[in-house]
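# Architecture and fold: a report
Here is what each chain is made of, one letter per residue.
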Amino acid sequence: MNLTTQKRLAADILKVGVNRIWIDPERIDEVSGAITRDGVKQLIKDGAIRAKLKKGISSYRSKKIAQQKKKGRRKGPGSIKGAKGARRPKKEEWMTTIRALRKDLKEMRDNREINRSTYRKLYKMAKGGAFKSKSYMKTYARDHDMLR
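Keep in mind that what you see is a predicted model, and the values were worked out from it rather than measured.

## Some points on the packing of aromatic side chains
Within the structure shown, the criterion is met by two aromatic pairs. Note on Y119 and Y123: the rings are 5.7 Å apart at their centroids and 50° apart in plane angle, and the pair reads as tilted. Taken together, the residues span about one helical turn, with Y119 and Y123 both in helix 7 (residues 116–127) at a distance of four residues. For the ring pair F131 and Y140, a centre distance of 5.4 Å and an interplane angle of 55° mean the geometry is tilted. Residue F131 is classed as buried on the basis of its relative accessible area of 6%. You can call Y140 partly exposed: its relative accessible area is 22%. Across the ring face of Y119, the terminal group of R109 is positioned such that the distance to the ring centre comes to 4.4 Å. Directly above the aromatic system of Y123 lies the positively charged group of R120, at a separation of 4.7 Å from the ring centroid.

Rendered as structure tokens:
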């Protein structure tokens with residue numbers, strides 16, 4: 001039985017696509033008899049013709065992946081995109097290093113491990129990028145007899 005006209009009219013009335021129209025298989029004869037818009041409207045009211053629900057996209061998988069990433073997973077070499085400096089910029093790297101060095105220098109000065117002139121000298125060296133970590137700076141100070 002050809003119900004394309006009825007489907008088209010129902011789609012127009014319900015403001016959905018033709019593929020979303022559902023016709024009750026038990027009442028096909030009744031539906032095929034409806035050839036006017038009013039006839040189709042009556043069938044919609046009776047429940048012989050309905051619009052199927054819209055299919056959504058499940059967010060389950062994306063939520064699961066986000067949860068894993070929050071835990072620190074999925075960050076291996078295969079997932080890395082972009083240059084080394086894109087994931088953690090050089091400036092950010094520098095900021096964390098220099099802040100740690102300066103904090104350590106202040107502690108050393110306040111605990112009287114180094115005097116003010118030594119503090120100033122090491123501070124300038126740190127600013128110039130002479131030390132790559134706190135341990136390097138402490139080793140340098142120890143080797144050059146700068147500690148009290």
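## With respect to the nonpolar core
Judged by nonpolar contacts, the single largest core of 14 residues is most densely connected at A10, I21, I23, V31, V40, L43 and I49. For this core, the elements supplying multiple residues, two or more each, are helix 1 (4–14), strand 1 (21–23) and helix 3 (37–46). Residues contacting I21, with those up to four places away along its chain left out, are K7, A10, A11, L14, V16, I49, R50 and K52. Formed by 13 residues, the second largest nonpolar core is a distinct cluster that contains I98, L101, M108 and I114.

## Remarks on the side chain of D104
Positionally, D104 belongs in helix 6 (residues 90–110). Note on D104: relative accessible area 6%, which makes it buried. Among residues more than four places away in sequence, those in contact with D104 are K134, M137 and K138.

Calculation criteria
- Residues numbered from 1 in each chain as written.
- Predicted model: local features only at pLDDT ≥ 70, side-chain atom pairs only at ≥ 80, totals over all residues.
- Heavy atoms only, no water.
- Phe/Tyr/Trp six-rings, centres within 6.5 Å; stacked < 30°, edge-to-face > 60°.
- Helix = DSSP H or I, 4+ residues; strand = E, 2+ residues; numbered from the N terminus.
- Buried < 20%, exposed > 50% of the residue type's maximum accessible area, 1.4 Å probe, protein only.
- Lys NZ or Arg CZ within 6 Å of the ring centre and 35° of its normal.
- Core = buried A, V, L, I, M, F, W, Y, C linked by side-chain atoms within 4.5 Å.
- Contact = heavy atoms within 4.5 Å.

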